[in-house]
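Descriptive structure summary
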Amino acid sequence: MTLYNLKKATSEETSYLPAIFGLLMFASTLLILLGQSLIGSFGFIIILLLALFYSKTISDMRMKQFMKGMEGIETTSSLALKDILNLRFWGVYALTKGPRKAAIGCSLFQTGFMLFIFVVMTLFSDISLNMLVLVPAAIVIFVMGWYEYESIFRKYSEQRAMKSSTEQEHP
């Protein structure tokens, strides 16, 4: 993700902040996995502080990215389960079923995916993650995702509703 964010920042001339966060997350996780938990934890504290200071900027950047990714979605698009990884799937779902349901579904999917990654990590390494780690992590991932996605899908649905009402007034 760090390389993707760096490529995107250079090609679109946007902020390097997501690439910096990704690099810090990667380095901190790697240090913890390699037994340097004190230094890795310090890296996560730096990430937390940066996130607190730049939360509005990051939120606005992610909102713009999501809105751009969902441009041109038609409510008549069919929802196929194979497209669940696609942001457009969740945009159509938000338009048809509502932003809250789409946010819950997207967040549940994301949480399940992250738990799968955690379980695979424990199977192929000597790291022991127990339920005292996995359950709080799952709850935090779900709640943070739900909060963010609900605001994104709500804004998207409102924009679509305003757009369709102006199109009906001015055919």
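Residues numbered from 1 in each chain as written. Predicted model: local features only at pLDDT ≥ 70, side-chain atom pairs only at ≥ 80, totals over all residues. Heavy atoms only, no water.

Taken N-terminus to C-terminus, the directions of helix H4 (residues 87-97) and helix H5 (residues 99-123) make an angle of 145°; their axes are 7 Å apart at the nearest point. Residues Trp90, Tyr93, Ala94 and Lys97 of H4 lie in contact with H5, whose contacting residues are Pro99, Lys101, Ala102, Gly105, Cys106 and Phe109. When its residues are assigned to classes, the contact of H4 with H5 shows seven nonpolar, one polar and two charged. (Axes fitted to C-alpha atoms, helices over the stretch in contact; angles between N-to-C directions. Helix = DSSP H or I, 4+ residues; strand = E, 2+ residues; numbered from the N terminus. Contact = heavy atoms within 4.5 Å. Nonpolar A, V, L, I, M, F, W, Y, C, P; charged D, E, K, R; others polar.)

What follows deals with the pattern of salt bridges. Per the stated rule, a full pass over the model turns up two salt bridges. A salt bridge links Glu150 to Arg100, with the nearest nitrogen and oxygen atoms 3.2 Å apart. With a gap of 50 residues between them, Glu150 in helix H6 (residues 131-169) and Arg100 in helix H5 connect regions that are remote in the sequence. Classification of Arg100 by relative accessible area gives partly exposed; the value is 48%. Among the salt bridges present, the one from Arg154 reaches Glu150, with a minimum N-O distance of 2.6 Å. One end of the pair, Arg154, and the other, Glu150, are both in helix H6, four residues apart, so they sit about a helical turn from each other. If you follow the salt bridges from partner to partner, you end up with Arg100, Glu150 and Arg154 in one network. (Salt bridge = Lys/Arg side-chain N within 4 Å of Asp/Glu carboxyl O. Buried < 20%, exposed > 50% of the residue type's maximum accessible area, 1.4 Å probe, protein only.)

The biggest cluster of nonpolar side chains holds 15 residues, and the ones touching the most others in it are Met70, Trp90, Tyr149, Ile152 and Phe153. Where this core is concerned, the elements lending two or more residues are helix H3 (37-69), H4, H5 and H6. Examining the composition of this core, we find that four residues originate from one element, H6, more than from any other. When neighbours within four sequence positions are excluded, Ile152 is seen to be in contact with Met63, Phe66, Met67 and Met70. (Core = buried A, V, L, I, M, F, W, Y, C linked by side-chain atoms within 4.5 Å.)

Before going further, it helps to spend a moment on H4. Within H4, burial applies to Phe89, Trp90, Gly91, Val92 and Ala94. In the stretch just after H4, Gly98 is the one whose phi turns positive, near 110°.

One pass over the full model with this rule turns up five aromatic pairs. Ring plane angle 85° and centroid distance 4.9 Å describe the contact between Phe89 and Trp90, whose orientation is recorded as edge-to-face. The pair Phe89 / Trp90 is uniform in exposure class, with both members buried. Centre to centre, the rings of Phe142 and Trp146 are 5.6 Å apart; their planes meet at 40°, and the pair counts as tilted. Of this pair, Phe142 and Trp146 are both found in helix H6, four residues apart, which corresponds to roughly one turn of the helix. Given the relative accessible area of 18%, Phe142 is considered buried. Within the aromatic cluster, the residues linked to one another by ring pairs are Phe89, Trp90 and Tyr93. (Phe/Tyr/Trp six-rings, centres within 6.5 Å; stacked < 30°, edge-to-face > 60°.)

Next up on the list: a nonpolar patch on the surface. On the surface, Leu3, Leu6, Tyr16 and Ile20 cluster together into a nonpolar patch covering about 410 Å² of accessible area. Its location among the elements puts Leu6 in helix H1 (residues 2-12). You can call Leu6 partly exposed: its relative accessible area is 37%. (Patch = residues over 30% accessible without salt bridge, like charges linked within 9 Å, V, L, I, M, F, W, Y side chains within 5 Å. Areas by Shrake-Rupley, 256 points an atom, 1.4 Å probe, with all protein chains shown as cover.)

Turning next to the side chain of Ser107. Structurally, the position occupied by Ser107 is in helix H5. Setting aside chain neighbours within four positions, we find Ser107 in contact with Ile141, Phe142, Gly145, Trp146 and Tyr149.

Turning our eyes to something else, we now look at the environment of Ala137. Inspection of the secondary structure assignment puts Ala137 in helix H6. On the basis of relative accessibility, which here comes to 22%, the residue Ala137 falls in the partly exposed class. Here the alpha-carbon distance between Ala137 and Phe118, two residues 19 residues apart in the chain, equals 9.9 Å.

Everything listed here is a matter of geometry and, on its own, says nothing about what the molecule does.
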